Amino acid sequence: MAPEADRRGKLFRLATYLITGVAGFVGSHIAEALIARGDRVLGFDNLSTGKRENVPKGVDFIVGDLADASAVERVCLGVDAIFHLAALPSVPRSVKNPRPSHVSNLDGTFNLLEGARAAGVGRVLYASSSSVYGNQPGFPRVETMLPQPIAPYPAQKLAGETYMQSYARVYGMETVCLRYFNIFGPRQRADSPYSGVLAKFALQMMRPDQERPTIQGDGEQGRDFTYVDNVVSANLLALAAPAEKVAGQVFNVACGEHHTLNEAYKLLARYTGYNEPPLYSEPRAGDVRNSLADIGAAREAFGYEPLIDFSEGLRRTVSWFREHFEASTHKL
Ligand code: NAD
Ligand code: UD1
């Protein structure tokens, strides 16, 4: 890559970051933040759940699939660090049909690591999941707990973590696993049976003439719901942290608060102006009952602090959905 000169004429080489899953919800937000601060960003996505219009201007975007090992190898060339987000993120999708999730989430992660190794990429930040903790007792969840994945999806995510750690130990690659807790915010897909619950409910409440929001179970299950800006911030901090603090490590990324679905439903109904009570159905197979994170390790290693709380995050999310839904310019 050609070096460039700063204002004092000193030669330097801009860092190049690769984001897999750049056309998805979280990947597009990380891309936006990197572009805003002037970084060079390469994006890779097969557009299976993501959308081209999510990719921010300024990203050098390549349509490709993680299953294509040589395409992955090529896209890693000249890259300094990778944000590896591409995956099929739904737990129930993996229960219904585990193979496609396995291929994207685990085989794809292996191809990514091999591409990164061949290209000599310094650091890989991996999007893992709080679902690896399963339904064991003991809250808040601490990274030292033994994972107990229930569904295929968390099993794949955990196997990906193990691979990340192996590449840190054997090849000295600076891999960092970030266990995201249930994320929400603008651009999250709301139109699929596999969409995250808050996006799905927000859209359903704005379309009262269509499908009604349905809580699976008694609604007393809960999550450490995390607004997407907090996750972006954790990624940027982990990218900049010294290797001795983060390489080969696993960190929870969340808010450290627990909210039930019944509570989330009420808040969303208030912000959207929806007056109907929820419908209730059977609990979902393979579901985690509760999640709540200890975020002390991320705070200690790279100074992570949640920036936006649950209620403010919901307000921003509803206002984004309202703008895009009412304007009807964005296909939800
Ligand atoms: P998303 O579905 O919006 O984004 C994933 C992107 O990956 C999509 O754009 C999709 O097209 C792409 N993709 C899928 N398979 C691919 C493949 N084989 N090759 C290339 N691209 C492929 O999901 P998201 O919510 O943005 O999640 C991003 C990451 O964070 C995922 O790895 C997910 O497992 C993880 N995660 C998400 C949450 C959450 O609550 N959203 C929580 C924990 C972890
Ligand atoms: C979510 C993410 C997953 C991530 C995990 C980390 C998505 C699609 N899933 O999984 O990638 O690894 O957080 O914590 O982004 N529910 C309803 N009604 C609905 C839909 C869902 O009641 O219409 C319930 C579910 O049964 C579950 C809860 O809402 O109890 C959360 O479900 P969901 O939003 O799908 O997320 P997780 O399974 O937590």
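Only a predicted model underlies this, so the values are computations on that prediction, with no experimental measurement involved.

**Focus on the nonpolar core**
One broad rule of soluble globular proteins: the nonpolar side chains tend to lie buried together.
Point 1. Core analysis: the biggest nonpolar cluster contains 70 residues, and Ile19, Phe83, Tyr180 and Phe302 have the highest contact counts within it.
Point 2. Aside from chain neighbours lying at most four places away, what touches tyrosine 180 is Val26, Leu85, Ala127, Ser128, Ser129, Ser130, Val231, Asn235 and Val253.
Point 3. Leu18, Cys76, Val79 and Val250 belong to the second-largest nonpolar core, a separate cluster that totals 21 residues.

**Quick notes on the pairing of strand E4 (residues 40-45)**
Point 1. Counting buried positions over the 6 residues of E4 gives 5, a clear majority of the element.
Point 2. The pairing of strand E3 (residues 16-20) with E4 spans 5 bridges and is classified as parallel. What sits directly across from threonine 20, in E4, is phenylalanine 44.
Point 3. Handedness of the crossover is the feature at issue here: the chain leaves E3, passes through helix H1 (residues 25-36), returns alongside E4, and the resulting connection is right-handed.
Point 4. For E4 and strand E5 (residues 60-63), the ladder comprises 4 bridges, and the chain directions are parallel. Along E5, the bridge assignment pairs phenylalanine 44 with isoleucine 62.

**Regarding the site of ligand 1**
Point 1. In the region of ligand 1, 26 residues are neighbours, and Asp45, Thr49, Leu85, Tyr153 and Ile183 sit closest.
Point 2. One of the backbone N or O atoms of glycine 24 is found 3.1 Å from an oxygen atom in ligand 1.
Point 3. Contact between ligand 1 and asparagine 46: a nitrogen atom at 3.1 Å from a main-chain N or O atom of the residue.
Point 4. Across the complex, the protein chains shield 94% of the 820 Å² of accessible surface that ligand 1 would expose by itself.
Point 5. Those elements that provide at least two residues to the shell around ligand 1 are H1, strand E7 (123-129) and helix H5 (152-171).
Point 6. Classifying every residue of the shell around ligand 1 by side-chain character gives 13 nonpolar, 10 polar and 3 charged.

**What to know about the side chain of threonine 260**
Point 1. Locating threonine 260 in the fold gives a position in strand E14 (residues 259-260).
Point 2. Residue threonine 260 is classed as buried on the basis of its relative accessible area of 13%.
Point 3. At 3.1 Å, the side chain of threonine 260 and the backbone nitrogen of glutamate 263 are in polar contact.
Point 4. Those residues in contact with threonine 260, other than ones at most four positions away along the chain, are Gly219, Glu220, Gln221 and Gly222.

**Some details on the packing of aromatic side chains**
Point 1. Scanning all chains against the criterion turns up 11 aromatic pairs.
Point 2. Grouped by ring-pair contacts, the aromatic residues Phe110, Tyr163, Tyr167 and Tyr171 constitute a single cluster.
Point 3. One cation-aromatic arrangement involves arginine 117 over tyrosine 171; the distance from NZ or CZ to the ring centre is 4.4 Å.

Analysis parameters
Residues numbered from 1 in each chain as written. Chains lettered and ligands numbered in written order. Predicted model: local features only at pLDDT ≥ 70, side-chain atom pairs only at ≥ 80, totals over all residues. Heavy atoms only, no water. Core = buried A, V, L, I, M, F, W, Y, C linked by side-chain atoms within 4.5 Å. Buried < 20%, exposed > 50% of the residue type's maximum accessible area, 1.4 Å probe, protein only. Contact = heavy atoms within 4.5 Å. Helix = DSSP H or I, 4+ residues; strand = E, 2+ residues; numbered from the N terminus. Pairing = 2+ DSSP bridges. Right-handed = clockwise from strand over helix to strand, strands pointing away. Near = heavy atom within 4 Å. Polar contact = N/O pair within 3.5 Å; in protein donor to acceptor, adjacent residues only side chain to side chain. Areas by Shrake-Rupley, 256 points an atom, 1.4 Å probe, with all protein chains shown as cover. Nonpolar A, V, L, I, M, F, W, Y, C, P; charged D, E, K, R; others polar. Phe/Tyr/Trp six-rings, centres within 6.5 Å; stacked < 30°, edge-to-face > 60°. Lys NZ or Arg CZ within 6 Å of the ring centre and 35° of its normal.

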